[in-house]
Amino acid sequence: MTGEKDTIVHIDNVTKRFGSVVAVDRLDMKIVAGEFVTFLGPSGCGKSTTLRMLGGFETPDEGRIVLDGADVTRQPPNRRDVNMVFQDYALFPHMTVGQNVAFGLELKGKSRAEIDRRTGELLEFLQLSGFRNRTPEQLSGGQRQRVALARALAPDPKLLLLDEPLGALDAKLRGQVQIELKDIQKRTGKTFFFVTHDQEEALTMSDRIVVMNAGRVEQAGTPEDLYFRPESRFVAEFIGETNLIEGTVRGIDRDAIVIDWNGMAVRGAAHGRQPAAGEAVTASLRLENVTCHPKKPTREDAIEGRVVNKLFKGSRTSLDIRIGEGRDTLIRAYMDAGNAASIDDDQLWISWEADRLAVLRD
Amino acid sequence: MAHADSETANLAKAAAPGGRPTFWGALLQNGAYQAISGTLFKTPRRQFVLLASLPLFWVFFANLGPIIEMFWIGFLDSYPPKVGYQPQFTLANWAAFFQDRVFIIPFFRTLAYSFTFTTITLLITYPVAYFLAKHVKRGHQLLFLLLLLIPFWVGEIVRTYAIMILLGNNGAVNLALKSLGLIERPIPFMYTGFSLGVGIIYLTALYMLLPLYSALEKIPDNYLEAAADLGAGAWTRFRRVTLPLSREGIASGCTLVFLISTGYYATPVLLGGPRSTVFAETIAGFFHVAGDQWPMGAAFSSIMLIATLALTGLFLKLMGRDGKGMMR
Amino acid sequence: MTRHTRILMSIIYWAFVAYLFVPLALMVTMGFKDSKFIGFPIRSWTFDWYIAVAQDTQVLAVFGYSMAIAISTTVLSLIIGTWMAAFLGPNTFRGKAIIFALACLPAVIPGIISAIALRIFARLIDIEPGMMAIILGHTVHNVPFVALVVMARLSTQPKSHIEAARDLGADSIVAFFRVTLPYLKPALIGAGIFCMLLSFDDFVRAFFLGGYQPTLPVLIFAKLRSGMSPEINAISTIVLIMTAILGLWAERSMRRLNKGS
C-alpha cells in the first residue's frame, strides 16, 4: 500500500483521438492516493474517455498512464488493478449478488474460502447481507448500485472508477446515495475517480473536481474553489447560476481589481491570471454573494437599484435588479423570502465582498 | 443458474476445504494459459482475425464451395471421374436443357406453380396475419400464434402423408362429399396440380405468415385511427396505410415461400402425377436413374438456382424501389 | 374496421387453423384403424399398429440413426452458428454485407439444389454418402438459423457486461464463457431444439446424401411409395407428438428470452 500523499495515478500528457475528433487533448493530471476526484463536464468533454483509458478500454494515442509507479498504458483491463462501477452497473443477470461480488476474486485465483469470506465482508459493509442469493433483477436501483460498488471493491483495486453511477437513480435517492458513497470512500480509504455531468453531485462528494471541456482541463480544485473562485467563463457558467459582468479593468486598488462596469466602478479579484489595466474582462458573481439591503447601508460601495422581477423559490427569493445610471444594467441576486417582502417601492441597495467577484481569464 | 456455484463448490470439495482456487481462477492464473492467451489476444486486430477464422472458412468452404463445385461439374462431360478418363470441358449439358421439351416444360411448370402457390398463400395468410396482429388481444396473440406454429414443426413427409389421407379417393374430403350426397363417385384430387398445391401451401404457409404478422404487428393502431380521422374509409385505410406499411413483410414472405416451394422433392413425388412433374424430379432423375449424368444434373440445378435467385432479386427490387408506386 | 370484416377475418383464421389441423388429426385417427387399407370409413379400432412399430427393429434402428444425426448436427450447428454470430454481430468491417448474405445463403436456397450441390461436394471432399454426409448437409443448412437467433440475442446484451468481466480480470475467452454464453443460454436452447427438428424432419438432404441406411423421413417415404399402411400413421403420430413437445419447449425458451431483455 502506498502512503497518504503519494501519487497513485499519473495521467502523463495523454491524447486520444477518434478519427479527426480529439477527445482528450494533452491531459496531464496526478491523482493522490485516497482522494475522491471528480471529472466534471458536459457530454463529449472527454471525461468518460479519460475514465475508459484508465480502465484499459481505450488506448491513448500519445502519452502514458502510470498506475502506482508502473506504466499500464497498453495493459488490457484484466491486467490492471483498477476496477469500475459502470453507468448501467453491468451486473451479470445470470449470477446472484454473491456470485457477482465474488467474480473478480474468483478470477484472481483466490481460494473458495477466501472468496466467501471477503464477499461476506463486503456485502455486510454495504448492507447487502440479506441479498446475497438474490439476482440483480430482484433489487432496487439503489441496491444494484451498491452491489456494483461491492463487486468493484472486492478485488481491492488501487483505483476505483465510477462512470456516472447515480444517473439511473431518481432525484430523491440520488442525494442519499451521494452521502453514502462519500462515506464509503472515506471508510475504505480508496482512491475514487468519479465521472459525472451533474455539478451538484460533484460539489457534494469530491475532494477535488476537475472540470473538462472539449478535451482539456478548464480548472481543477476543491469544490469551494470552483464554485466561488472560478477561473474561466466555462467553469463559472457550468457550475451553479451566476452573474457575468463584462467590463474594463481600471486598475488595481489594494488587493482588489477595479473594473469599469457600464460606468460603475466595481471591485473584484482574479484567482488565475492577473489582468492588466485597460484590458476587457469578464467576471463572475454568484447570486448568493450579492447582499441586498432594503435600507441604504453605511458602506460606500453599495449600489442602488430597482427590482424589476421577483421569483419566489421557497426559502429564498430571486430578484432581478436594474442598476446604474440609466438602469441599463441587470443583476440577479438571492434574498431571504422574509426580507424580500420588506422592500419598499422596489428600491434596494446591493453590495458584495471583492474576492467574491471572480475575474475570469476569458 | 447456480452453475458457477456448484462448479466451484465441487472443486472446493475435491481439494482441502477452501484450499484451491476455482476452475476459472486457476486457469487464468496458470502461466501457460496466460502465455497462450496473451499471444492470441495481444492486439485487437489479432483477436479479430481469430474470431473471423472459422466463420469465414465456413462461409466459403461449406456455403459457397458446394455451389461453385456444382457449377463447375456442369461444364464437365463426365463425373464422377472414371479410371483412365480425363473429363473434358463441355457446354453440352447446358445446351441440352434448351433442346428438349422434357426439360423445359417441368422447368417453367415449376416456376408457374411456385408463383401461383406463393400468390395463393399470400391471399390466404394475409387476413390470418391481420386478424392475429390487429384483432386478437395482445395477451392472447401468443396462444393464437402457437396454434398455427405447432403443425409447422412436423416434417415434410408426415405432413405430405396427412394431405394424401385428406385428398385420397377414400379420403376425408371425398367421404364428406359423398355422405352429403353431392357426388356419387370420388373426385380424383390426388396426383394433380391441385393436390400438389394443397400440399405445398400446407408446407410453406408459415414462411409467409410470420413475416406478415411481424410487419403488421409493428403498425401502430393510431396510424389507422389518424387515417380514419382524416376521413379515410376502411378500404382506403387498408390500401393507403396498412398495405404499404406491411410491404416489407409481403416481400420477405413471398421470397421465402417462392424459393422454398421450388425446392421440394418428396411432396411432388407423392402428391403430384405425371402431368404435374416439377423440375426437382427432373434433376433428381439424373442422380438416381443413371450413374453418369451428374454433370447434366449439376448444370440443370445451376440453371434453376440462377433462375430462382434472379426472379426473387428482381421481385425484391420491384418491391423496394417501385413498390411505393405499385401500391398507390 | 367494421364488425363484418372482423367476423369474416375470424372465420378465415379458424378455417386456416382447421386446414392445418384436420389433415394431421385424420392421419392420427387412421393409425388406430383396424384394417390394412387407408381410407374412410373406419369401422373398428385397434392399437396393434403401435405394437407393431414398437416391435419393428428396423424402425427402431432408423429412429436411433436419425436421432444420432440430429444430435450431432445440433451440436455442430450451435458451435459454428454461435461463432458466426459472435463474429458478424458486434463487428463492422468492409464486405460484411456480402459475408452476411453468404452466411444466410443455405437457408434460402431451394432444398433440392442444396441437396444436389452438397452431394457433389461430398464427393469432392471424399465423404461417402451416409451419416457424415448427412450431418454435414444438415449443419450447413442449420447454421444460418442458429446464427440469426444468436445474433438477435447478442444484440440485446449490453456492451458493459463484457467490459465488466474484462475489468474484473477475465480475458476474452473467460469473458465469453462466464458472461456471454450464460446470457445466450435461452437463445441457444431455442435454436438447438429448432436444429434438432430441422434435422430430424429433413427429407431431401437425407435422401440425396444418405447411404443404404435411411433416416426416418426417408424410411417413411420409401414405405409410402410401396403403399399406404396404418403402420406409417403410427410412426408418423409418434414423430408428431415428439416434435410438438420439442417445439413447444423451444418456443417457451425463446419467449422467455424476449421477456428477459
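Our structure is the block above this text.
Conventions and cut-offs
Residues numbered from 1 in each chain as written. Chains lettered and ligands numbered in written order. Predicted model: local features only at pLDDT ≥ 70, side-chain atom pairs only at ≥ 80, totals over all residues. Heavy atoms only, no water. Phe/Tyr/Trp six-rings, centres within 6.5 Å; stacked < 30°, edge-to-face > 60°. Helix = DSSP H or I, 4+ residues; strand = E, 2+ residues; numbered from the N terminus. Buried < 20%, exposed > 50% of the residue type's maximum accessible area, 1.4 Å probe, protein only. Lys NZ or Arg CZ within 6 Å of the ring centre and 35° of its normal. Contact = heavy atoms within 4.5 Å. Buried area = accessible area lost by both parts, 1.4 Å probe. Salt bridge = Lys/Arg side-chain N within 4 Å of Asp/Glu carboxyl O. Polar contact = N/O pair within 3.5 Å; in protein donor to acceptor, adjacent residues only side chain to side chain. Nonpolar A, V, L, I, M, F, W, Y, C, P; charged D, E, K, R; others polar. Pairing = 2+ DSSP bridges. Axes fitted to C-alpha atoms, helices over the stretch in contact; angles between N-to-C directions. Core = buried A, V, L, I, M, F, W, Y, C linked by side-chain atoms within 4.5 Å. Parallel < 35°, antiparallel > 145°, perpendicular 65-115°, else oblique. Left-handed = near helix turned anticlockwise from the far one by under 90°.

Looking now at the packing of aromatic side chains. One pass over the structure, following the stated rule, counts 54 aromatic pairs over all chains. Between the aromatic rings of phenylalanine 61 of chain B and phenylalanine 121 of chain C, the centroid separation amounts to 5.1 Å while the plane-to-plane angle is 65°, which identifies the pairing as edge-to-face. With phenylalanine 61 of chain B in helix α4 (residues 44-73) and phenylalanine 121 of chain C in helix α5 (residues 111-124), the pair connects residues from two separate chains. The exposure class assigned to phenylalanine 61 of chain B is partly exposed, which follows from its relative accessible area of 27%. For phenylalanine 121 of chain C, a relative accessible area of 4% puts it in the buried group. Residues tyrosine 265 of chain B and phenylalanine 208 of chain C carry aromatic rings whose centres are separated by 5.6 Å and whose planes lie at 55° to one another, so their mutual orientation is tilted. Remark: phenylalanine 208 of chain C occurs in helix α9 (residues 204-209) and tyrosine 265 of chain B occurs in the loop between α13 (247-262) and α14 (266-271); the pair is interchain, linking two chains. Overall, phenylalanine 208 of chain C belongs to the buried group, its relative accessible area being 5%. A cation over an aromatic ring shows up here: arginine 151 of chain A above the ring of phenylalanine 92 of chain A, its NZ or CZ 4.6 Å from the ring centre.

Between chain C and chain B, the contact holds 85 residues from the first and 92 residues from the second. Across the chain C/chain B interface, buried area totals approximately 8,300 Å², and carbon plus sulfur atoms make up 81% of it. In this assembly, chain C and chain B are joined by zero salt bridges. The interface formed by chain C and chain B contains twelve residue pairs in polar contact (both at pLDDT 80 or more). At 17 residues, the largest contribution of residues to the side of chain C that touches chain B is made by helix α1 (residues 3-30) of chain C. When grouped by side-chain class, the residues that make up the side of chain C that touches chain B number 63 nonpolar, twelve polar and ten charged.

Moving on to the sheet that holds strand β16 (residues 303-312) of chain A. Residues and elements named next belong to chain A. Sheet architecture is open: five strands sit in the order β15-β19-β16-β17-β18, paired in antiparallel fashion. The open sheet is flanked by β15 (291-293) and β18 (329-336), the only strands paired with a single partner. Averaged over all adjacent pairs, the angle separating strand axes in this sheet is 45°, with direction ignored.

This part is about the nonpolar core. Of all hydrophobic cores here, the largest spans 170 residues; its most connected members are Leu148 and Tyr265 of chain B together with Ile112, Ile120, Phe203 and Phe208 of chain C. With residues near it in sequence (within four places) discarded, tyrosine 265 of chain B still touches Glu156, Ala280, Glu281 and Ala284 of chain B together with Ile112, Phe203, Val204, Phe207 and Phe208 of chain C. Met53 and Phe92 of chain A together with Trp24 and Tyr33 of chain B belong to the second largest nonpolar core, which has 44 residues in total.

Another point: the sheet that holds strand β12 (residues 256-261) of chain A. An order of β11-β12-β13-β20-β14 (chain A) is seen for the five strands of this closed barrel, with the pairing classed as mixed. Here the strands of the sheet are splayed against their neighbours by 55° on average, with no regard to which way each runs.

Residue and element names in this part refer to chain A. Of all five residues in strand β19 (residues 347-351), four are buried, a share of seventy percent or more. Bridging between β15 and β19 involves three bridges; their strand directions are antiparallel. Directly across from cysteine 292, in β19, lies its bridge partner isoleucine 350.

All names here are of chain C. For the pair helix α7 (residues 159-167) and helix α8 (residues 172-201), interaxial distance at closest approach is 9 Å and the crossing angle is 125°. Here α7 is positioned oblique relative to α8, judged by the angle of their axes. Relative to α8, α7 is oriented so that their crossing is right-handed. Between α7 and α8, the contacting residues are His161, Ile162, Ala165 and Arg166 on the first element and Ser172, Ala175, Val179 and Thr180 on the second. Of the residues in the contact of α7 with α8, the class split is four nonpolar, three polar and one charged.

Attention now moves to the environment of phenylalanine 87 of chain C. Of note, phenylalanine 87 of chain C is situated in helix α3 (residues 57-88). Phenylalanine 87 of chain C sits 64 residues away from methionine 151 of chain C along the chain, and the two C-alpha atoms are 9.3 Å apart. Setting aside anything within four residues of it in sequence, one finds phenylalanine 87 of chain C in contact with Phe48, Leu51, Ala52, Pro55 and Leu56 of chain B together with Phe93 and Ile99 of chain C.

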